[in-house]
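Coordinates in review
Chain by chain, the residues run as shown.
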Amino acid sequence: MKYSNTELFLSGNYAGVVMTGNHDKWQTFAALGLVGKSKEAIEGLSRFKNEEAKFYAAVSYWIDGNDELAKHILKDIIT
């Protein structure tokens, strides 16, 4: 059975999302960030303008050690 990028992401199968390689979906780049590929994730997520992509960009910055930028992005989302 083949699952969509969204289904894989929602089930927590981030490696599966990354392996699909669908660069038209923000979930691919969010999954990259969640598996430790922060630079690739941040670059890819910057192309998307939705709040989910911004949230996962903040998560990727945080994982990469840039707490201040992560906080700045999160403040932008909630205001």
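Anyway, here's the lowdown on the structure attached to this text. (Residues numbered from 1 in each chain as written. Predicted model: local features only at pLDDT ≥ 70, side-chain atom pairs only at ≥ 80, totals over all residues. Heavy atoms only, no water.)

The terminal C-alpha atoms of helix 6 (residues 67-78), which comprises 12 residues, lie 17 Å apart, in line with the 16 Å expected from a rise of 1.5 Å per residue. Inspection of helix 6 places Ala70, Ile73 and Ile77 among the buried residues, and these make up the whole buried set. On an axial view of helix 6, the arc spanned by its buried residues comes to 65°, and they lie on one face. Looking at helix 6, the residues exposed on the side facing more than 90 degrees away from the buried face are Glu68, His72, Lys75 and Ile78. Those residues of helix 6 that are buried are in contact with helix 5 (51-63). (Helix = DSSP H or I, 4+ residues; strand = E, 2+ residues; numbered from the N terminus. Expected span 1.5 Å × (residues − 1). Buried < 20%, exposed > 50% of the residue type's maximum accessible area, 1.4 Å probe, protein only. Arc of directions from axis to C-beta. Contact = heavy atoms within 4.5 Å.)

Moving on, we get to the packing of aromatic side chains. Inspection of every chain in the model, using the stated rule, returns six aromatic pairs. A ring pair is formed by phenylalanine 9 and tryptophan 26, whose centres lie 5.4 Å apart and whose planes are at 75°; its orientation type is edge-to-face. Here the residue phenylalanine 9 occupies a position in helix 1 (residues 5-10), and tryptophan 26 occupies one in helix 3 (residues 26-34), the gap between them amounting to 17 residues. In terms of burial, phenylalanine 9 and tryptophan 26 fall into one category: buried. Centre to centre, the rings of tryptophan 26 and tyrosine 56 are 5.7 Å apart; their planes meet at 20°, and the pair counts as stacked. Pair noted here: tryptophan 26 is in helix 3 and tyrosine 56 is in helix 5, with a separation of 30 residues, a long-range link. Taking relative accessible area as the criterion, tryptophan 26 reaches 16% and is therefore assigned buried. Taken together, the aromatic side chains of Phe9, Tyr14, Trp26, Phe55 and Tyr56 make up a single cluster linked through ring pairs. (Phe/Tyr/Trp six-rings, centres within 6.5 Å; stacked < 30°, edge-to-face > 60°.)

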